[in-house]
Amino acid sequence: MELLYYVRLMRRYWPLLLLSVLAGLGTAHVVTLNTPPRYLASITMLVSADVGDGGLSNALQAGALSQQRVQSYAALLTSRQVVGRIAGGEDVDDLQSRITADAIPDTTLLRATVADTVPAQAAARANALGTAFARLIDQIERPTAKSPPTIRVTVVDEAEVPEEPVAPQPLTNLALGALIALFTAVTGLVLRDRLDTTVKTAEALQQVAKSSVLGLIGYERDAKRHPLILRGQGRSVRAEAFRSLRTNLQFIGVDRQPKSLVVTSCLPGEGKSSTSVNLAITMAQAGWRVVLVDADLRRPSVPRYLGIEGGTGLTDVLIERARLHEVIQTWGQPGLSVLPSGRIPPNPSELLGSRGMRSVLAQLAEEYDMVIVDAPPLLPVTDAAALGAICDGALLVVRHGKTRNEQVLRAGELLSSINARLVGTVLNFVPAKHGSYYGYGYGYGEDPAEQGTVSQTPKPQAPIPV
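Residues numbered from 1 in each chain as written. Predicted model: local features only at pLDDT ≥ 70, side-chain atom pairs only at ≥ 80, totals over all residues. Heavy atoms only, no water.

## Side note on the overall build of the protein
The helix and strand inventory of the protein stands at 17 helices and twelve strands. Per-residue burial for the protein yields a buried fraction of 45% across its 466 residues. Long-range contacts, defined as pairs at least 24 residues apart, comprise 79% of the intrachain contacts of the protein with a sequence gap of at least 6. Total accessible area on the protein stands at roughly 23300 Å², and carbon and sulfur atoms take up 54% of it. (Helix = DSSP H or I, 4+ residues; strand = E, 2+ residues; numbered from the N terminus. Buried < 20%, exposed > 50% of the residue type's maximum accessible area, 1.4 Å probe, protein only. Contact = heavy atoms within 4.5 Å. Areas by Shrake-Rupley, 256 points an atom, 1.4 Å probe, with all protein chains shown as cover.)

As structure tokens, then:
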């Protein structure tokens, strides 16, 4: 399951991973070009003891003495005393850091290696080091000034000028750069995905909301200029997604089929108004007697979507300044009934929770097959909660990649606290790569005129009695 998770994550963000690998390769290439070449020259020396004429016993003692000295000489070889003799005015510490020495196991051989950016200079330094070290040992291993040394160091393999640098290694650097960049990108994506609590799948939405996902409405760039599903005579994939939502609504409860449905969301910008309008149009196309009620008395959007007059509507009915049938308008063919919001009142929550609103919904439910109520978001204001308590059901619109799990959970708790029935959810703004449905969402509070309000065909009709 974890492997499948990583495969899906990498497949989803493969352009970013590819860009990261290219960046890693580019960085490794630049580092390689700006790294000076490094050459190594090695010299091998033999440590031997003076056996004299003592026979085999003295020879064995001399061999043991030589092996004892080798370990000490390996450390002495890189000391400042030895390195200072070959520095020739160069920084002793820098030269000392470029010299390594080690004793070859089970032998009396010493190997010293000098690194330099110039191959000839690396070989010259190594040979000079061997000569200087041999002279030093010759001096310190004499019991007296006139006696012969007990230990001798002899150069057995002089350093040769190296032909190829040991660093940088272009292929190794490129491979390492690509792997580091890929690992960093994958780690960042996993952390981001693990820490991201937004809803991105229908399965996650169903688990958090504890309700069925009735529709997946995908994202389309062209939907800003053509927000309604009438484009192309309703043959688009987006229109089919709303037909699927309409079909699923028919089977949410055979015994408790809702006749009034409030459409809301957790927060602004999740596409609840566009969902309300297109769902009402889809139901009307199927022969349903549908009335769309714009109950968003704070930022109404329905009139601008449909291109109708919204100055007179629901608020006038609730304050008894107009009769219900006088403000209902018929839009398009086969005839969608629309009840605009009317003028924005100073007390929208009180109006929507009043007995007058209950009476309006009851009257509409008797005359129509379905009453779709476009309500404000749940979390910022209490309007949708008041409507959910008097409607037969609530449909929660959730925006893909924006709405968080805790917000969906809080919205569900609010509906449950007022005994509202959450009939299902709709996942909006779903990218094409996440499913087979396409669509769009309209941001709550945005000006539909700026999004390209549709001058639809057929033209909106004047208000007529219903």
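Having seen the structure, we can now continue with the description.
## Details of the environment of Val166
With respect to the element layout, Val166 can be found in the loop between β4 (151–157) and α7 (170–195). For the pair Val166 and Ala115, spaced 51 residues apart in sequence, the C-alpha separation works out to 9.5 Å. Residues in contact with Val166, not counting those within four places in the same chain, are Arg38 and Leu40.

## Comments concerning the sheet that holds strand β3 (residues 109–116)
Sheet strands pair by backbone hydrogen bonding; their relative direction is either parallel or antiparallel. Sheet architecture is open: four strands sit in the order β2-β3-β1-β4, paired in antiparallel fashion. Looking at the sheet topology across the chains shown, the edges are occupied by β2 (99–103) and β4. Across the sheet, the mean angle separating the axes of adjacent strands is 25° when strand polarity is ignored. Summarising the sheet, β2 and β3 pair through five bridges and their orientation is antiparallel. (Pairing = 2+ DSSP bridges. Axes fitted to C-alpha atoms, helices over the stretch in contact; angles between N-to-C directions.)

## Side note on helix α2 (residues 14–34)
Counted at 1.5 Å a residue, the expected span for α2 with its 21 residues is 30 Å, and the 30 Å between its end C-alpha atoms agrees. By the burial criterion, the buried members of α2 are Leu17, Ser20, Val21, Gly24, Ala28 and Thr32. What you see down the axis of α2 is that its buried residues fit within an arc of 105°, all on one side. Turned more than 90 degrees away from the buried face of α2 sit Leu19, Leu33 and Asn34, all of them exposed. Where α2 is buried, its residues meet α1 (2–12) and α7. (Expected span 1.5 Å × (residues − 1). Arc of directions from axis to C-beta.)

## Comments concerning unusual backbone geometry
Residues other than glycine predominantly adopt negative phi, and peptide bonds predominantly adopt the trans conformation. The linkage connecting Ala167 with the following residue, Pro168, adopts the cis geometry, with an omega of -5°. Relative to the assigned elements, Pro168 resides in the loop between β4 and α7. Unusually for a residue other than glycine, Asp106 sits at a positive phi of about 60°. Mapping Asp106 onto the fold places it in the loop between β2 and β3. Here Asn419, not a glycine, exhibits a phi torsion of approximately 60°, which is positive.

## Regarding the packing of helix α4 (residues 80–87) against helix α6 (residues 119–140)
The geometry of α4 relative to α6 is characterised by a closest axis approach of 9 Å and an angle of 130° between their N-to-C directions. As summarised for this structure, α4 and α6 are arranged oblique, according to the angle between their axes. Considering how the two elements wind past one another, α4 and α6 form a crossing that is right-handed. The segment α4 lies against α6, with Gln81, Val82, Arg85, Ile86 and Ala87 engaging Arg125, Ala128, Leu129, Ala132, Phe133, Leu136 and Gln139. Across the contact of α4 with α6, the residue classes break down as eight nonpolar, two polar and two charged. (Parallel < 35°, antiparallel > 145°, perpendicular 65-115°, else oblique. Left-handed = near helix turned anticlockwise from the far one by under 90°. Nonpolar A, V, L, I, M, F, W, Y, C, P; charged D, E, K, R; others polar.)

## Notes on the sheet that holds strand β10 (residues 370–374)
With respect to topology, eight strands assemble into an open sheet ordered β5-β12-β11-β6-β10-β7-β9-β8, the strand pairing being mixed. In the strand order of this sheet, the two ends are held by β5 (213–218) and β8 (329–331), each with one partner. When the angles between neighbouring strand axes are averaged without regard to direction, this sheet yields 25°. Both strand β7 (residues 290–294) and β10 contribute to a ladder of five bridges, which runs parallel. Residue pairing across strands places Val290 opposite Met370, the latter belonging to β10. This element, helix α10 (residues 272–285), spans β6 (260–265), β7, β8, β9 (336–339), β10, β11 (393–399) and β12 (422–430) of the sheet and lies at about 165° to β10.

## Describing the pairing of β10
Counting buried positions along β10 gives five out of five residues, so the element sits mostly inside the fold. Residue alternation in β10 divides its side chains into two sets, Met370, Ile372 and Asp374 and Val371 and Val373, and both sets are buried. Strand direction decides the pairing type here: β6 and β10, joined by four bridges, are parallel. If you follow Leu261 over to β10, its bridge partner there is Ile372.

## Some details on the pairing of β12
Summarising burial for β12: eight of the nine residues are buried, a large majority. In the sheet, β5 pairs with β12 via five bridges, with the strands oriented parallel. Bridged to Leu216 within β12 is Leu427. With six bridges connecting them, β11 and β12 associate as parallel partners. By the bridge assignment for β12, Val397 is matched with Val426. With helix α17 (residues 405–417) bridging β11 and its parallel neighbour β12, the resulting β-α-β unit is right-handed. (Right-handed = clockwise from strand over helix to strand, strands pointing away.)

## A few points about the packing of α1 against α7
To characterise two packed helices, one gives the angle between the axes of the helices and the distance between these axes. Two numbers describe how α1 lies on α7: the axes approach to 11 Å, and their chain directions differ by 105°. It follows from the interaxial angle that α1 and α7 lie roughly perpendicular. Of the residues in α7, those touching α1 at Glu2, Tyr5, Tyr6, Leu9, Met10 and Arg12 are Val186, Leu189, Val190, Asp193 and Arg194. In terms of residue class, the contact of α1 with α7 is built from seven nonpolar, no polar and four charged.

## Some points on the nonpolar core
One finds Leu314, Leu339, Leu364, Val373, Leu387 and Val408 to be the most contacted residues of the largest nonpolar core, which totals 43 residues. Apart from residues lying up to four places away in sequence, Val408 is in contact with Val199, Leu205, Val208, Ala209, Cys266, Leu396, Val398 and Thr403. (Core = buried A, V, L, I, M, F, W, Y, C linked by side-chain atoms within 4.5 Å.)

## Notes on a negative patch on the surface
There is a patch of like negative charges on the surface, built from Asp157, Glu158, Glu160, Glu163 and Glu164. Relative to the elements of secondary structure, Glu158 occurs in the loop between β4 and α7. (Patch = residues over 30% accessible without salt bridge, like charges linked within 9 Å, V, L, I, M, F, W, Y side chains within 5 Å. Salt bridge = Lys/Arg side-chain N within 4 Å of Asp/Glu carboxyl O. Lys, Arg positive; Asp, Glu negative; His and termini not counted. Charge placed at Lys NZ, Arg CZ, Asp CG, Glu CD.)

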